[in-house]
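Chain residues, written in single-letter form:
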Amino acid sequence: MDKLFDRLQMLADRYEELGELLSDPDVISDTKRFTDLSKEMADLRETVEKYERFKQVNQTIEDDEEMLSMGLDDDEMAEMVKMELAEAKDEKVALEDEIKILLLPKDPNDDKNIIMEIRGAAGGDEASLFAGDLFTMYSKYAERQGWSIEVIDQTTTDVGGFKEIALMINGKNVYSKLKYESGAHRVQRVPATESAGRVHTSTATVVVMPEAEDVEIEIDPKDIRVDVYRASGAGGQHINKTSSAVRMTHLPTGIVVAMQDQRSQQQNREKAMKILKARVYDHYASQEQNAYDENRKSAVGTGDRSERIRTYNYPQNRVTDHRIGLSLNKLDRVMNGELDDVIDALVLYDQTKALEEMQNA
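Residues numbered from 1 in each chain as written. Predicted model: local features only at pLDDT ≥ 70, side-chain atom pairs only at ≥ 80, totals over all residues. Heavy atoms only, no water.

What follows is about helix H4 (residues 75-102). In a regular helix each residue adds 1.5 Å, so 28 residues correspond to 40 Å; H4 covers 40 Å between its end C-alpha atoms and thus fits that length. Of the positions making up H4, those classed as buried are Ala78, Val81, Leu85, Ala88, Leu95, Ile99 and Lys100. (Helix = DSSP H or I, 4+ residues; strand = E, 2+ residues; numbered from the N terminus. Expected span 1.5 Å × (residues − 1). Buried < 20%, exposed > 50% of the residue type's maximum accessible area, 1.4 Å probe, protein only.)

What follows covers helix H3 (residues 31-70). The end-to-end C-alpha distance of H3 is 57 Å, a good match for the 58 Å that 40 residues give at a rise of 1.5 Å each. Of all the bends in H3, the greatest, near 40 degrees, is centred on Arg45. The set of residues buried in H3 consists of Leu37, Met41, Leu44, Thr47, Val48, Tyr51, Phe54, Val57, Ile61 and Asp64. Where H3 ends, the next residue or the one after it, Gly71, has phi of about 85 degrees, a positive value. (Bend = angle between axes of the 7 residues up to and from the residue.)

With that settled, the discussion passes to the sheet that holds strand S7 (residues 245-250). Reading across from one edge, S6-S7-S8 is the order of the three strands in this open sheet, with antiparallel pairing throughout. Either end of the sheet is taken by a strand with one partner, and the two such strands are strand S6 (224-229) and strand S8 (255-259). Adjacent strand axes in the sheet meet at a mean angle of 15 degrees when their direction is disregarded. As paired strands, S7 and S8 are joined by five bridges and run antiparallel to one another. Bridge pairing in S8 links Arg247 to Ala258. (Pairing = 2+ DSSP bridges. Axes fitted to C-alpha atoms, helices over the stretch in contact; angles between N-to-C directions.)

One pass over the full model with this rule turns up 24 salt bridges. With a shortest N-O distance of 3.5 Å, Lys55 and Glu52 are connected by a salt bridge. Linking Lys55 with Glu52, this pair stays in helix H3, spanning three residues, or about one helical turn. Note on Lys55: relative accessible area 34%, which makes it partly exposed. Judged by its relative accessible area of 32%, Glu52 falls in the partly exposed class. The shortest N-O distance in the salt bridge between Glu150 and Lys271 comes to 2.2 Å. With Glu150 in strand S2 (residues 148-156) and Lys271 in helix H8 (residues 265-293), the pair connects residues that are 121 residues apart, well separated along the chain. Here the salt bridges do not stand alone but share partners, grouping Glu117, Arg119, Glu164 and Arg279 into one network. (Salt bridge = Lys/Arg side-chain N within 4 Å of Asp/Glu carboxyl O.)

Moving on, we get to the sheet that holds strand S4 (residues 183-189). Sheet architecture is open: eight strands sit in the order S2-S3-S1-S5-S4-S9-S10-S11, paired in mixed fashion. Of all the strands in the sheet, just S2 and strand S11 (326-328) have a single pairing partner and so form its edges. Direction aside, the axes of adjacent strands within the sheet are offset by 15 degrees on average. The pairing of S4 with strand S9 (residues 308-313) spans five bridges and is parallel. Pairing of Arg186 across the sheet is with Thr311, part of S9.

Turning next to the nonpolar core. Nonpolar side chains in soluble globular proteins tend to be buried together. By size, the foremost hydrophobic cluster in this structure holds 34 residues, and its most contacted members are Met116, Ile118, Leu134, Tyr138, Leu178 and Tyr312. Among the secondary structure elements, those contributing two or more residues to this core are strand S1 (114-120), helix H5 (125-145), strand S3 (162-170), helix H6 (174-178), strand S5 (200-210), helix H9 (331-335) and helix H10 (340-360). Not counting the four nearest positions on each side in its chain, Met116 is found in contact with Tyr138, Ile165, Ala166, Leu167, Leu178, Val206, Val207 and Val208. Counting 21 residues, the second largest nonpolar core, distinct from the first, contains Leu4, Tyr15, Val27 and Val48. (Core = buried A, V, L, I, M, F, W, Y, C linked by side-chain atoms within 4.5 Å. Contact = heavy atoms within 4.5 Å.)

Attention now moves to the pairing of S1. With five of seven residues buried, S1 lies mostly within the body of the structure. Taken together, the six bridges between S1 and S3 define a ladder with antiparallel strand orientation. If you follow Met116 over to S3, its bridge partner there is Leu167. Where S1 lies against S5, seven bridges are found, and the strand directions are antiparallel. Considered in S5, the bridge of Arg119 is made with Thr205.

Functional significance is not addressed by these values, which are geometric in nature.
Right under this line is the structure:
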């Protein structure tokens, strides 16, 4: 614990230093430095406040124990001190746990917006319908979180649902909550087209990528081949008469993004580049993660795109997350966007594993 408190004191000292720096006229005049230091201070604030409270509670415990050891003539006062001591000890334990979690290495992507891609996989039309259901589920969850959603590309099917759909989700800490959703999602239910009432199994895949900023990934224009062509499908005469559709290929990785949903070529270029950057960033980040996972095996953190992570069983109204063995008999509510119980359990599991590694290091 001594190392823990040494680190906390260093953070508290840095927090105080940041407060002084942010009042320095030279820093105030440097917009980028002022912004960076303000963000660093905001990131430290909760940890430092918990540490200050921890010191106050620890002092209360020492004072109460000293008073009780000296003996109190007033029985009522002695009882009050004992009650205060018990409450302070309980708060101390809770604060220790909270501080340990706050000190865990932070995923630098946690506070970012995301690009999510949902695709119907095995199961034909039913897989496309399920992809549509997942889109609705995430849309409702995003609404509950106060996030905004923008569909940036989609391919619908004749029966409804999506062959594939890509969307941007913007808001506070989006990636931190949805990063565990990457993988294969399996549905078990009776399709609407099944007259015999037999339960079918279909799958859809979800990929969650943090929105890549220019400072994080630079793509050399020479590494991108851009093809323009006439868009097809919905959009009216305008979209079919002009070469507004864009296909971008990142030559080093072979990643291809095609965009035709927007009405102008420029809009399609901007959307395609946004998705391309996210995919390229995700590609290289995944390579690093794979190397990291050879040394650290986390059932939640791998993000293996082929891994079956969750089953949605409609006949039994049950959703099961296979990575942590969680089963909830409220599939109807989960599909309505009530994902908190699932996501909170995944976050807690990952934090617990990380704490074990930190303590065993």
